[in-house]
Amino acid sequence: MKIHQSAEDYLEKILMIREQKGEVHSIDIANELGFSKPSVSVAMKNLRQAGYISMDGNGCITLETPGYEIANRIYQRHKLLTRILKALGVSEEVAAQDACRIEHDLSPETFDKLAAYAAEHFPEA
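Residues numbered from 1 in each chain as written. Predicted model: local features only at pLDDT ≥ 70, side-chain atom pairs only at ≥ 80, totals over all residues. Heavy atoms only, no water.

**Things to note about the layout of surface pockets**
Approximately 170 Å³ is the volume attributed to the largest pocket. Surrounding the largest pocket, S6, D9, Y10, E12, K13, M16, L33, F35, H78, A96 and C100 form its lining. Put simply, the parts of the chain that give the lining of the largest pocket at least two residues each are α1 (5-21) and α5 (92-102). It is α1 that provides the largest number of residues to the lining of the largest pocket, a total of 6 residues. Of the residues that constitute the lining of the largest pocket, the class distribution is 6 nonpolar, 2 polar and 3 charged. (1 Å grid on protein atoms, 1.4 Å probe; cavity = no way out; pocket = protein on both sides within 12 Å on 5 of 7 lines; lining within 4 Å. Points joined across faces, edges and corners; volume = space filled by probe spheres on them. Helix = DSSP H or I, 4+ residues; strand = E, 2+ residues; numbered from the N terminus. Nonpolar A, V, L, I, M, F, W, Y, C, P; charged D, E, K, R; others polar.)

**Observations regarding helix α4 (residues 65-87)**
For the α-helix, the turn length of 3.6 residues means that residues three or four positions removed from each other point alike. Between its first and last C-alpha, α4 extends 33 Å over 23 residues, near the 33 Å set by a 1.5 Å rise per residue. Inspection of α4 places G67, I70, A71, I74, Y75, R77, H78, L80, L81, T82, I84 and L85 among the buried residues, and these make up the whole buried set. If you follow the buried residues of α4, they end up packed against α1, β2 (61-63), α5 and α6 (108-121). One or two positions beyond α4, positive phi appears at G89, with a value near 100 degrees. (Expected span 1.5 Å × (residues − 1). Buried < 20%, exposed > 50% of the residue type's maximum accessible area, 1.4 Å probe, protein only. Contact = heavy atoms within 4.5 Å.)

What follows is the structure, given as structure tokens:
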């Protein structure tokens, strides 16, 4: 199922915050992305209705399987693209920003080729 880039960004951010803090609330997402809490609340409602996330009574957000799969795919792309760009000499900040722009638009074929190339030429430090 094809989803919009903004939804992918939200799902990826939920995964990233969960890895950092252990649990995720809408305010965490708003703070990380620089969006208003009402905007994030609308997005969370849409993601919940689509079955990508669930929220408990305390407002803790959990990625459901379809949401986790999308978030993980995008996050893995982001990490690899950032690593490649940094290996090419791009600053960490610019590499992360550019990776965020690129991660959504690459075909699976191109990403797989980049991943294979990176594994051979840019081993992780």
